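# Per-entry structural report
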Amino acid sequence: MISAAEHIQILYEIALSIGTSLDATSMLKTSLSTILRKLNCSAGAIWKEQRAEQSDTVCRYEHLFSLPRNIERNPLYQAAIKNIPTGIDSDILSVFADLLPICTGHDQDKYYYIVDVPHIGFLILLRHRTELDHSIILSLNPLLSKLGHAYKACIQNSELEEAHRLNKEVIAELSSKTAQLQQTNEQLIRENHERQQAEHALAFEQHLLNVFMDTIPDNIYFKDTNLCFIRINQAFAKRLNLKNADEAIDKSDFDLYDREYAESTYQKQQNVMATRQLTTAELKKIYPDGKERWILNTEAPLLDAEGNVIGIFGVSKDISRRKQNEFELRKAKDEAESSSKSKSVFLANMSHEIRTPLNGVIGMTCLLLETRLNSEQFEYADSIKKSGESLLCLINDILDFSKIEAGQLSLESVDFDLRAVIENISDMVIHRIEQKGLEFHIHIQPDVPTLIIGDPGRLQQIIINLLGNAIKFTSRGEINIAVRCKQMSPTQVTLHCTISDTGIGIPTDQLNAIFESFIQADSSTTRKFGGTGLGLTISRQLVEMMKGDIWVESEPDKGSHFHFTAQFALHADAYATSTNETIQNMHIVIVDDNATNRIILQDMLLSNECRVTMFEDGQETLHYLRNSNDVDMLITDYHMPGMDGYDVVKGVRSISEHKNLPIIILTSMGRNYDVQQLEDLGLVWTLTKPVKMQQLYDTMMVAAGRSQQLKRAVSGTAKTLDECIIGLKNLGEHAHILLVEDNKINQRVAQALLTKVGLPLDIADDGIQAIEAMKKNSYDLILMDVQMPNMDGFTATREIRKTLGQREIPIIAMTAHAMKGDKERCLAAGMNDYIEKPINLDKLFKTLVNWLMPISVMEY
Amino acid sequence: MKLNTGKTGSVTEFEKLIFDVVHTAHVQSLFIFSCDSNGFQANEIDPILRTIPVPVFGGIFPAIMCGNEKTDKGTVVIGLEFAPHVTIIPSLSNPSMDYDQIIEELLPEQSDTRTMIILVDGLAKRISKLIEGMFNNCGLEYNYIGGGAGSLNFTQKPCLFTNQGMLADCALIVQCPIISSIGVQHGWRTVSGPYKVTDSDQNIIKTINWLPAFDVYKDVIAAHSNLEIRPDNFFDISKCYPFGISRFGAEKIVRDPIMTSENGFIVCVGEVPTESYVDILTSDAPALINAARNAYTSALQEINSYPFNTFTLFIDCISRSLFLEKQFQAELDAVYHESTPLIGALTIGEIANTGKEYLEFYNKTAVVGVLEDA
């Protein structure tokens, strides 16, 4: 038995456990758990009564909650629920309710209790061992009533919460709808505002268009697809003699212009709509008032927002005044061009006419200088010759300039050997360079193509112009030509040429002006150095014609670097090798104090796949040679500081292993050296600087013993005048020459010159005579004038080559046609070389040597 | 059943005992009792436990029993000839855990389960909630027996043996297919009360009758025994004066006060709900020993009708042993019969149910289980 106090404690704790939560399940769990614990029951279950909707009477009972959850497996529980009516008979159910509480002992010490729980149904408690005190069962009634109320409160709370939840959902949905409405409203306001803005913008656009249309003096018009006016501007209305612009609406050109004009414009405007293309045309138009005007008419298709053509619109500008100006300008231009052409023809004729007597003056002066003169007479005659030559240069420059200005100069496009063209330039200038004691080098980079297509004469002219300046303004040091590839494509090459000197240089502020016509850097230099100032201008224009640039870098007192680029087409054999197999793989030792020359020689030799070892001075070279036995040849400069070329050769010969080493000595033309002294040292060959590649290879081949009958190879093109004269004299009667020339003075000059070297000469007055002579005699060389009566030089040459089949005989053109491109025309006609008139003694003899005495057979 | 005992308390001995039992024929699982004074460290024991090829469960207790002998050092390893399912319930102090739901999710349906052995970390704070969850899910369909492992210095540390290693703050629910009969009795009686617990937090009584719990408790003890209980001698005296929570028609649920805090709170083994009424209890040696004997007798009554061998599993509260001191042997003798092997532990809280009462977590109670020796 428990005490009353314990009784109260137990009920108190059960009471406290009821209604601790508003969640029905949680509340039932806490309450039932406490009931079970405090009453020491082994299980418990709460059943719920279901009431009929109409009568509110209990219609059935069903399980609501139990602890433990698996109570159904408990046999005692199964016994207890057998008391519960399963039917829906309300009377039986009512009787059952009245029976509560049910307290039943079952199977010895097992008990179950079914107790009424108001508002829910009933509670089943299972207990073992001892029976529950009846008083406590009765005491439970108010607590279970409280449990029922609490449960009802939970259900109501749950319903309230559900209602609240639904309410919240409705409110949320309302809020959402309100927000959507608000958004829509704001959107409408925004759209309205935007529409107003758009309307304002449209009105403003309309205003701008009206202002534009009413202000512009040109005709502006819009037409529909029937080409009736939709709108025109005031200016157009006025020209159409209409009172206002609206009068034109729905009218077409047929209503306003004559039928011919209307039909013409109708077709054009239909075409604009069909092609959707904007068209602009200058038209002659006759307005309804009868006035004839020129207009510049622009018409375009008028498209709607979807891009459909809905008509055309156009603007017509009155250009009558401009047309009048153009007419007058064209007339003036035609007159000017006619005048310019006359001037060019005049200049060309003048050139020829001036050159012919000048040829006589210079030629005769040369002959005069060959006669016995006293010093005063020689001086006067020499002055005449130099003045004549200066005048000739001047005429050449002026002629070129005139032709360029007149647009009559065009570039040739012929195949040529770039290296030969550039190296040959040295022949033209080497005397002047040597006279000034300057070093001169030509460095063509190995990657520069050999055969290209372009205008070699003009290229040479540019380089000679620049070189001429360099020589003119340089008193000491060196002058170099460098050529390299700037850009290369499969079909074209852009070359970059640099002509450098160590001369007086050009002040920075004058660098930009020197390529302008008639300008030299300093007007004082004109007086000091002479010249027309046209050379650089001509060069610039030629370079531009070759799609290149020309510029200069210079520093006063240090020298100048003239650069130019030029574009050429590549020949199919642009890189055809000129490799000489006989000297391939030779080990060559080079000694030269000049670094530029060393590099030039090295490039040339490496191109021929030689092995190269280089030294700056003789001592190092000798040291090397003493310790080497695989050297095939030595190339040494003659003029070197310290140990010169002679000492080097001498030193080499003192080395027993190199007593027979082939040696090539590089000499400069103006410098003296003892030929005999060199010959005494055995197996020594000389080459004049600047070294040409082919000459180098030829000399090396001879020196290496590949051509045993020769003792010495000498430069063919760099021979001295004296050497040439000796050579030609040695030929004597073995070389028979035909001179074809109509001018008697020139005949006499040529005859006098050739007789001087003992060459027999026949003379023909024109081409026909020349062919006749050819048929009768055998000649070794023909000197051919170009411009002759009856048959000119070109025709004669072609006849000799084709008709007579004489393809080998050298034909040298002699022409006063000093226009550039003449040489190429001569070569194209089948001639071999070209001498400009007036005839230069030096040039004539050297050309004769070149063609009559090939290098391989020259022997001294 | 294969029983192996060692008294050195060494790790080597522990390993050897396990090895021997595991390799005994028919052994399918291990039930291990070890003493706290063995000083086992998880890093030493875990590798051994993890290599055991059969299910293992057990714990470290203040003292263990084998036969009619209690020991403070050593290990008892029992090889069982069945393979129970062991479920680990973690976080046994976490106030946000719903053990009712966790048990529903983790505990498998084992149709052959007859007895549940429940071992808990005795110093975890929500053991009663776990037991309530067990009752709600499983009811009294099975017999329950078990107790709290841990150390008498009341410091929580790994104290349960599992195949994962030693664990703390968790419970092991071992579903066994063996028949059992359980007897439960404590023998404590009211000396004062009831007192209303006006504020508590899990197993901590903060106020009694709106006064600091320690002050009320101290006055009652002083009035009863003239002893002055202080924080430094708290458990020496409190072991004689536990709290009791009333229930109808059964012994009170005892709550063992084990320490007091600076702010006058009293820490118990097991929860004491707020608004519950507690009495202050006391007892004497004969009453306690008699209670143990009654528990044993009660258990025997149930199982004697079965025709198989049995063994006795004695789960007795450590504080009873401390209270009884030398007379504890009499309590042990009261539940021991030479014909029946006895194994057991002195625990921090006891779990038991005979299948006839609401499932509870007890303190200071003698639980005697007579189990089928399968």
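Residues numbered from 1 in each chain as written. Chains lettered and ligands numbered in written order. Predicted model: local features only at pLDDT ≥ 70, side-chain atom pairs only at ≥ 80, totals over all residues. Heavy atoms only, no water.

Within chain B, the regular secondary structure consists of 9 helices and 25 strands. Overall size of chain B, expressed as C-alpha extent along the three principal axes, is 60 × 40 × 40 Å. Here chain B, with 374 residues, has 62% of them falling under the buried criterion. Look at the contacts in chain B between residues 6 or more apart in sequence, and 80% of them connect residues 24 or more apart. In the structure as shown, chain B presents an accessible area of about 13,200 Å², 48% of it carried by carbon and sulfur atoms. (Helix = DSSP H or I, 4+ residues; strand = E, 2+ residues; numbered from the N terminus. Buried < 20%, exposed > 50% of the residue type's maximum accessible area, 1.4 Å probe, protein only. Contact = heavy atoms within 4.5 Å. Areas by Shrake-Rupley, 256 points an atom, 1.4 Å probe, with all protein chains shown as cover.)

Time to look at the state of the cysteines. All names here are of chain B. Counted according to the given criterion, the structure contains 0 disulfides over all chains. Left unpaired, Cys-138 is separated from the closest cysteine sulfur, that of Cys-176, by 13 Å. The exposure class of Cys-138 is buried, given its relative accessible area of 8%. Cys-317 supplies the cysteine sulfur nearest to Cys-268, a cysteine that is in no disulfide, at a spacing of 12 Å. Judged by its relative accessible area of 1%, Cys-268 is buried. (Disulfide = S-S within 2.5 Å.)

Taken together, the contact pairs 32 residues of chain A with 31 residues of chain B. Counting each side, the surface lost to burial between chain A and chain B is near 2,700 Å², with a carbon and sulfur contribution of 46%. Across the chain A-chain B interface, the total number found is 8 salt bridges. Measuring nitrogen to oxygen at the nearest pair gives 2.4 Å for the salt bridge that ties Arg-69 of chain A to Asp-100 of chain B. Counting the contacts that link chain A with chain B gives 20 residue pairs in polar contact (both at pLDDT 80 or more). When contributions to the side of chain A that touches chain B are tallied by element, the ones reaching two or more residues are helix H1 (4–17), helix H2 (24–38) and strand E5 (121–128) of chain A. At 7 residues, the largest contribution of residues to the side of chain A that touches chain B is made by H1 of chain A. (Buried area = accessible area lost by both parts, 1.4 Å probe. Salt bridge = Lys/Arg side-chain N within 4 Å of Asp/Glu carboxyl O. Polar contact = N/O pair within 3.5 Å; in protein donor to acceptor, adjacent residues only side chain to side chain.)

Bringing the nonpolar core into the picture now. Nonpolar side chains in soluble globular proteins generally cluster together in the buried interior. By size, the foremost hydrophobic cluster in this structure holds 169 residues, and its most contacted members are Leu-39 and Leu-125 of chain A together with Leu-30, Phe-33 and Met-134 of chain B. Examining the composition of this core, we find that 9 residues originate from one element, helix H5 (residues 134–215) of chain A, more than from any other. Formed by 50 residues, the second largest nonpolar core is a distinct cluster that contains Phe-416, Val-429, Ile-479 and Ile-550 of chain A. (Core = buried A, V, L, I, M, F, W, Y, C linked by side-chain atoms within 4.5 Å.)

Looking now at the packing of H1 of chain A against H2 of chain A. Residues and elements named next belong to chain A. The contact between H1 and H2 brings their axes to 8 Å, and the two run at 165°. Judged by the angle between their axes, H1 and H2 are roughly antiparallel. The crossing of H1 and H2 is right-handed. In this structure, H1 uses Ile-10, Glu-13, Ile-14 and Ser-17 to contact H2, whose residues at the interface are Thr-30, Ser-31, Thr-34, Ile-35 and Lys-38. (Axes fitted to C-alpha atoms, helices over the stretch in contact; angles between N-to-C directions. Parallel < 35°, antiparallel > 145°, perpendicular 65-115°, else oblique. Left-handed = near helix turned anticlockwise from the far one by under 90°.)

This brings us to the pattern of salt bridges. Applying the stated criterion across every chain, the model contains 41 salt bridges over all chains. In the salt-bridge network here, residues are joined through shared partners; they are Lys-29 and Arg-69 of chain A together with Asp-100 and Glu-104 of chain B.

Moving on, we get to the domain arrangement of chain B. Residue and element names in this part refer to chain B. Under the domain assignment used here, chain B contains domain 1 (2–185 + 287–372) and domain 2 (189–280). When each unit is reduced to the centre of its C-alpha atoms, the spacing between domain 1 and domain 2 is 27 Å. Of the residues lining the interface, 26 residues belong to domain 1; the matching set on domain 2 comes to 19 residues. Between domain 1 and domain 2, roughly 1,800 Å² of surface is buried when both sides are summed, and carbon and sulfur atoms account for 57% of that area. It is Phe-154, Asn-363 and Lys-364 that lose the most area in domain 1 upon contact with domain 2, and together they represent 32% of the buried surface on that side. Where domain 1 packs against domain 2, one counts 1 salt bridge. In this structure, Asp-256 engages Lys-364 in a salt bridge whose closest nitrogen and oxygen atoms are separated by 2.8 Å. Counting across the interface, domain 1 meets domain 2 through 11 residue pairs in polar contact (both at pLDDT 80 or more). (Domains from an automatic or database assignment.)

Let us look at the sheet that holds strand E21 (residues 663–667) of chain A. Residues and elements named next belong to chain A. Pairing in this open sheet of 5 strands is parallel, and the strands run E19-E18-E20-E21-E22 from one edge to the other. The two strands at the open ends of the sheet, each matched to only one other strand, are strand E19 (611–615) and strand E22 (684–688). Pairs of neighbouring strands in the sheet enclose a mean axial angle of 20°, with direction left out of account. One ladder, built from 5 bridges, connects strand E18 (residues 587–591) with E19; its direction is parallel. Note on E19: the bridge partner recorded for Val-589 is Thr-613. Relative to E19, helix H15 (residues 595–607) is tilted by about 170°, and along the sheet it contacts E18, E19, strand E20 (633–637) and E21. Together, E18, E19 and E20 form the strand contacts of helix H16 (residues 618–626), whose direction differs from that of E18 by roughly 155°. (Pairing = 2+ DSSP bridges.)

A separate point is empty space enclosed by the protein. Residue and element names in this part refer to chain A. For the structure shown, the criterion picks out 6 cavities of 30 Å³ or more. The wall of the largest cavity is formed by 14 residues, among which Tyr-221, Asp-253, Tyr-261, Gln-269 and Lys-285 lie closest to the centre. Looking at the lining of the largest cavity, the elements that each hand over two or more residues are strand E6 (219–223), helix H8 (259–275) and strand E9 (292–303). Taken together, the residues of the lining of the largest cavity sort by class into 6 nonpolar, 4 polar and 4 charged. (1 Å grid on protein atoms, 1.4 Å probe; cavity = no way out; pocket = protein on both sides within 12 Å on 5 of 7 lines; lining within 4 Å. Points joined across faces, edges and corners; volume = space filled by probe spheres on them. Nonpolar A, V, L, I, M, F, W, Y, C, P; charged D, E, K, R; others polar.)

Another aspect to go through is the side chain of Thr-207 of chain B. Counting through the fold element by element, Thr-207 of chain B comes out in strand E15 (residues 204–208). At 3.1 Å, the side chain of Thr-207 of chain B and the backbone nitrogen of Asp-199 of chain B are in polar contact.

For any pair of aromatic rings, geometry is given as the distance between the ring centres together with the angle between the planes. All names here are of chain A. All told, the structure shown has 24 aromatic pairs over all chains when counted by the stated rule. A centroid spacing of 5.7 Å and a plane angle of 45° characterise the contact between Tyr-221 and Phe-236, whose relative ring orientation is tilted. One end of the pair, Tyr-221, is in strand E6; the other, Phe-236, is in helix H6 (residues 234–239), with 15 residues separating them in the sequence. Since its relative accessible area comes to 4%, Tyr-221 is described here as buried. (Phe/Tyr/Trp six-rings, centres within 6.5 Å; stacked < 30°, edge-to-face > 60°.)

All names here are of chain B. Secondary-structure assignment places Asp-36 in the loop between strand E2 (29–35) and helix H2 (42–50). The exposure class assigned to Asp-36 is buried, which follows from its relative accessible area of 19%. In contact with Asp-36, not counting residues within four places along its chain, are Ile-60, Phe-61, Pro-62, Gly-150, Ser-151, Leu-152 and Lys-157.

What follows concerns the environment of Thr-162 of chain B. Residue and element names in this part refer to chain B. With respect to the secondary-structure elements, Thr-162 resides in strand E10 (residues 160–162). Residue Thr-162 is classed as buried on the basis of its relative accessible area, which comes to 2%. Not counting residues within four places of it along the chain, the set of residues in contact with Thr-162 comprises Leu-49, Val-56, Ile-88, Leu-167 and Leu-172. There is a polar contact of 3.0 Å between the side chain of Thr-162 and the backbone nitrogen of Gln-164. A distance of 2.8 Å separates a polar side-chain atom of Thr-162 from the backbone oxygen of Gly-165.

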